[in-house]
Amino acid sequence: MQARLILIALLLSLADARLVLAQDKGSVDPKPLPPLADPHDPKLAAKELFARKLLPSATPTHVIGSYIKGCIAGAEQMPITGDTWQVMRLSRNRNWGHPDLVALLKRLSVKAHKDAGWPGILVGDIGQPRGGPMLTGHASHQIGLDADIWLTPMPDHLLSREEREETSATMMVRDDRLDIDPKVFTPGHVAVIRDAAQEPAVQRIFVNPAIKKALCREAKGDRSWLSKVRPWYGHDYHFHIRMRCPSGNSECQGQPDQDEGEGCSASDLGYWFRDSILHPEPPKEPPKPAHGITLAQLPAACRQVLTAPDAKP
Ligand SMILES: [Zn+2]
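Residues numbered from 1 in each chain as written. Predicted model: local features only at pLDDT ≥ 70, side-chain atom pairs only at ≥ 80, totals over all residues. Heavy atoms only, no water.

Student: Explain the overall build of the protein chain to me, please; I cannot follow it from the model alone.
Tutor: Of the regular secondary structure elements, the protein chain holds 10 helices and 11 strands. Against the globule reference of 20 Å for 313 residues, the protein chain gives a C-alpha radius of gyration of 20 Å, in line with a compact fold. For the protein chain, with 313 residues in total, the buried portion stands at 46%. Sequence separation of 24 or more characterises 78% of the internal contacts of the protein chain that already satisfy a separation of 6 or more. Accessible surface computed for the protein chain: about 15,700 Å², of which carbon and sulfur atoms make up 58%. (Helix = DSSP H or I, 4+ residues; strand = E, 2+ residues; numbered from the N terminus. Rg over C-alpha atoms; globule rule 2.2 N^0.38 Å. Buried < 20%, exposed > 50% of the residue type's maximum accessible area, 1.4 Å probe, protein only. Contact = heavy atoms within 4.5 Å. Areas by Shrake-Rupley, 256 points an atom, 1.4 Å probe, with all protein chains shown as cover.)

Given below as structure tokens:
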């Protein structure tokens, strides 16, 4: 019996690997990726190419493609430390995004400080210097318009490089997955997620269903922002901000707005709390690692983004 339980736990952890990665620890001394044997191999996964670009393209800012299949030219780096924010897991080099998103995160950090009384926010992954698919982690975050914010408030001191790699975020969801853990989820969390959702350029926010349930219960006054907050798998240590396509980016493929409802009814949320969703059957066979899309499968303009010269560090 014990062995069976261990096997199930192992299979579940494999199925969940994509979600758990946000908690992966990093290193203060990350090893550079080895050179590719044949960077022009048409079968090569595009993530291998994008992961090896350490700087953005020295070209005007331009978003190409969709959140899950695209890239960004002329991305901007989120500075690793501000008065009201600190960037985590610097070894990943994923603190690059559209300048509008960088500005939004800075603004949100000031609001979090004011409205939640937090010293500030901890910023997780935004995207790679040229966007594109990643070797680990996300399906989206490819066009510089997605950002993960930890649900752990920024501590009141400057985090060392080690702390930024080693510290784990706080699990916000109760063991039975049916609600938040009231020992850690506070009115400050409601305020920070609300502040993010009230940004006009934010189109969607992803949180764990248990967190959405708590927001529905605890949001006071104007509740219209709840329509932007969507339940999704994972997202129990961090929330995910998605901006709509910035104007003038004709090659950016956005998503339609969701409807205006709060998404708080039993029929909206019931699906997420079914036993089959909370405790899925482990897969019969472990999933094969995905090869990932090739450069030819990305929008053609992403090839130019990849080959453009580096911006100045
Ligand atoms: Zn995310």
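More follows now that the structure is in view.
Student: I keep staring at the coordination of the zinc ion and nothing clicks. Help me out?
Tutor: The reference angle at a metal is 109.5 degrees if four donors form a tetrahedron and 90 or 180 degrees if six donors form an octahedron. Within the protein, the zinc ion binds to His141 (NE2), Asp148 (OD) and His240 (ND1); these donor distances fall in the range 2.0 to 2.2 Å. Here the donor residues of the zinc ion share one chain and are spaced in sequence as H-x6-D-x91-H. The two residues His141 and Asp148 agree in class, both being buried. (Donors = N, O, S within 2.8 Å, 3.2 Å for Na, K, Ca; no water.)

Student: For this particular structure, what's the right way to read the environment of Leu226?
Tutor: Here Leu226 lies in the loop between helix H7 (209-218) and strand E10 (229-231). Considering only alpha carbons, one finds Leu226 and Lys212, 14 residues apart in sequence, at a separation of 8.5 Å. What Leu226 contacts, discounting residues up to four positions off in sequence, is Lys212, Leu215, Cys216, Ala219, Glu262 and Cys264.

Student: What am I meant to see in the state of the cysteines here?
Tutor: As used in these notes, a disulfide is a covalent bond between sulfur atoms, one from each of two cysteines. All told, the structure shown has 3 disulfides when counted by the stated rule. The residue that forms a disulfide with Cys71 is Cys302, at a sulfur-sulfur distance of 2.1 Å. Negative torsions about the S-S bond denote left-handed disulfides, and the value of about -100° found for Cys71 with Cys302 makes this one left-handed. Of the two residues, Cys71 sits in strand E2 (residues 69-73) while Cys302 sits in helix H10 (residues 301-307), which places them 231 residues apart along the sequence. (Disulfide = S-S within 2.5 Å.)

Student: Which parts of the structure should I look at to understand the pattern of salt bridges?
Tutor: Any two side chains of opposite charge can pair, so long as their charged atoms come close to each other. In this structure the tally under the stated criterion is 18 salt bridges. We note a salt bridge from Arg174 to Asp176, for which the minimum N-O separation is 2.9 Å. For Arg174, a relative accessible area of 35% puts it in the partly exposed group. The shortest N-O distance in the salt bridge between Arg194 and Asp195 comes to 3.1 Å. The partly exposed category is assigned to Arg194, whose relative accessible area is 26%. In this structure Asp195 comes out as buried when scored by relative accessible area, which is 3%. Within this structure, Lys114, Asp115, Arg194 and Asp195 form a network of salt bridges that share partners. (Salt bridge = Lys/Arg side-chain N within 4 Å of Asp/Glu carboxyl O.)

Student: Looking at this structure, I do not really get the packing of aromatic side chains. What am I missing?
Tutor: For any two aromatic rings, the description comes down to two numbers: the centre-to-centre distance and the angle of the planes. In total, this model carries 5 aromatic pairs according to the counting rule given. Judged by centre distance (6.5 Å) and plane angle (55°), the rings of Phe206 and Trp232 are tilted. One end of the pair, Phe206, is in strand E9 (residues 202-207); the other, Trp232, is in the loop between E10 and strand E11 (238-243), and 26 residues separate them in sequence. One aromatic cluster in this structure is built from Phe206, Trp232, Tyr233, Tyr271 and Trp272. The lysine or arginine in question, Lys213, covers the ring of Phe273, its NZ or CZ lying 4.4 Å from the ring centre. The side chain of Arg242 reaches across the aromatic face of Tyr67, ending 4.2 Å from its centre. (Phe/Tyr/Trp six-rings, centres within 6.5 Å; stacked < 30°, edge-to-face > 60°. Lys NZ or Arg CZ within 6 Å of the ring centre and 35° of its normal.)

Functional significance is not addressed by these values, which are geometric in nature.
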